[in-house]
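Structural description and commentary
The lines below spell out each chain.
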Amino acid sequence: MSAFPSILEGIKDLELGHIKALLRRTNDLKSGQPPRLPLQKTLAVATSFLENSTRTKLSFAMAIMRIGGYHIDFHAESSSLKKGESLEQTLLTLKYQGVDICIIRTNESHLLDQFREYPPIKIINGGDGINQHPTQALLDLYTLQDHFGGLKNIKGKTISIVGDCIHSRVTHSLTDLLPQFGVNVLLCGPDFFIPEEMPAGVNRVTSLDEAIEQSDAIYLLRVQTERHDKSISDKLKNYQQEWGLTFDRFRKHSKVLPVFHPGPANIGIEVEQDIVNSEIWMAHKQVQNSVFVRMAIIEAMINNEDHHIGSQYKKIPGDISERIRNT
Ligand code: NCD
């Protein structure tokens, strides 16, 4: 297995071995084992959330605290980014101040691609536009396998992701991740929320009833209006009736299923209050597990011994003063 990546942009940055090791370490950390960190190292982790967040940011803050690190919350609005400084110079500044990892959230898909060749600092993607949200998918996988009694028990299970799949970075990470563990993923929602091309191991169902009938778990999404190009509010008039999950729906099929949600949930739209108040609502478990999964991710990245970060940054070859004297 290769070293843990220094840029975790998406699920595809991880090998199967990395993912399994993260799940094992999450179990260890959850059961109270101490974190494994390099000796005599002050761990400093920055969060730079250029887009709104409650769960992801605070869960990273808790994870940093529980792992024994220092947390710096970087506010883009009051930073030199507003004076025209580039994000890469900002990240290099953090790196040379001694920050080990920066967690970045942005509304721009693929913003982190530019750092792949010369990473200015170790980076974890906290969600980029509609592209990827790898730490959310990993904590969802952890919670799913925990619910079904271990990784081997989720093989062959079916989960339906319901709602605004096309604008959901969580969905894009989940469809990259879950099929690797033999989970069948069904996407379900109005046509304009379902991508035309499906990744391997992912299929479509056309109604919520079909999804309930075929699934072992349901994963609900919020209608992510802030990620839509143009207003589609006219098309959403009957959303709650058609796609909102209620106990009545389950009753029709004489079955209840665990209901996952990455949050924030719009109660009364994609899900009714009674489900949120019941024991089938898995979102609180997802939040609880998120801290330990993120501790495991930070631990793995901090231990990857990538000493070149920031230092090989677009170096001009040769002795620059020599070259200038000779021109
Ligand atoms: C998700 C996100 O930000 O992509 N939430 C989260 O990180 N817990 C989903 C959403 O915004 O609806």
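Report follows, based on the coordinates. Keep in mind it's a predicted model, so treat the numbers as computed, not measured. (Residues numbered from 1 in each chain as written. Predicted model: local features only at pLDDT ≥ 70, side-chain atom pairs only at ≥ 80, totals over all residues. Heavy atoms only, no water.)

1. Details of the nonpolar core
If you look at the biggest cluster of nonpolar residues, it comprises 53 residues, and the most contacted ones within it are I124, L138, L144 and I298. The dominant element in this core, judged by the number of residues it contributes, is helix α10 (residues 283-302), at nine residues. Beyond its immediate chain neighbours, meaning those up to four positions away, L144 contacts I154, I159, L178, V183, A217 and F260. With 26 residues, the next largest nonpolar core counts V162, V223, Y239 and A283 among its residues. (Core = buried A, V, L, I, M, F, W, Y, C linked by side-chain atoms within 4.5 Å. Buried < 20%, exposed > 50% of the residue type's maximum accessible area, 1.4 Å probe, protein only. Helix = DSSP H or I, 4+ residues; strand = E, 2+ residues; numbered from the N terminus. Contact = heavy atoms within 4.5 Å.)

2. Notes on the packing of aromatic side chains
What characterises a pair of aromatic rings is the spacing of the ring centres plus the angle enclosed by the ring planes. The full count for this structure, using the stated rule, is four aromatic pairs. Ring centres of F193 and Y239 lie 6.4 Å apart, and the angle between their planes is 65 degrees; on these two criteria the pair is classed as edge-to-face. Note that F193 is positioned in the loop between β7 (184-188) and β8 (202-205) and Y239 in helix α7 (residues 239-243), a separation of 46 residues in sequence. Take F193 and Y239: they sit in the same class, and that class is buried. Here the aromatic rings of Y219 and F260 are separated by 6.5 Å at their centres, their planes lie at 5 degrees, and the arrangement is stacked. Note that Y219 is positioned in strand β9 (residues 217-220) and F260 in strand β10 (residues 259-260), a separation of 41 residues in sequence. Judged by its relative accessible area of 1%, F260 falls in the buried class. Taken together through their ring pairs, the aromatic side chains of F192, F193 and Y239 make up a single cluster. The ring of Y96 has K95 lying over it, and the distance from NZ or CZ to the ring centre is 5.7 Å. The ring of F192 carries K235 above its face, with NZ or CZ at 4.9 Å from the centroid. (Phe/Tyr/Trp six-rings, centres within 6.5 Å; stacked < 30°, edge-to-face > 60°. Lys NZ or Arg CZ within 6 Å of the ring centre and 35° of its normal.)

3. Quick notes on the site of the ligand
In the region of the ligand, the neighbouring residues are T56, R105, H133, Q136, R169, V170, R222, Q224, R227, P262, G263 and P264. One of the side-chain N or O atoms of R222 is found 2.8 Å from an oxygen atom in the ligand. Between P262 and the ligand, the recorded distance is 2.9 Å, taken from a backbone N or O atom to a nitrogen atom. In the complex, 94% of the free accessible area of the ligand, which totals 320 Å², lies under the protein chains. Residue composition of the shell around the ligand, by class: three nonpolar, five polar and four charged. (Near = heavy atom within 4 Å. Polar contact = N/O pair within 3.5 Å; in protein donor to acceptor, adjacent residues only side chain to side chain. Areas by Shrake-Rupley, 256 points an atom, 1.4 Å probe, with all protein chains shown as cover. Nonpolar A, V, L, I, M, F, W, Y, C, P; charged D, E, K, R; others polar.)

4. A few points about the pairing of β9
Taking every second residue as pointing to the same face, both faces of β9 are buried, with A217 and Y219 on one and I218 and L220 on the other. Taken together, the two bridges between β9 and β10 define a ladder with parallel strand orientation. In the strand pairing of β10, I218 is matched with V259. (Pairing = 2+ DSSP bridges.)

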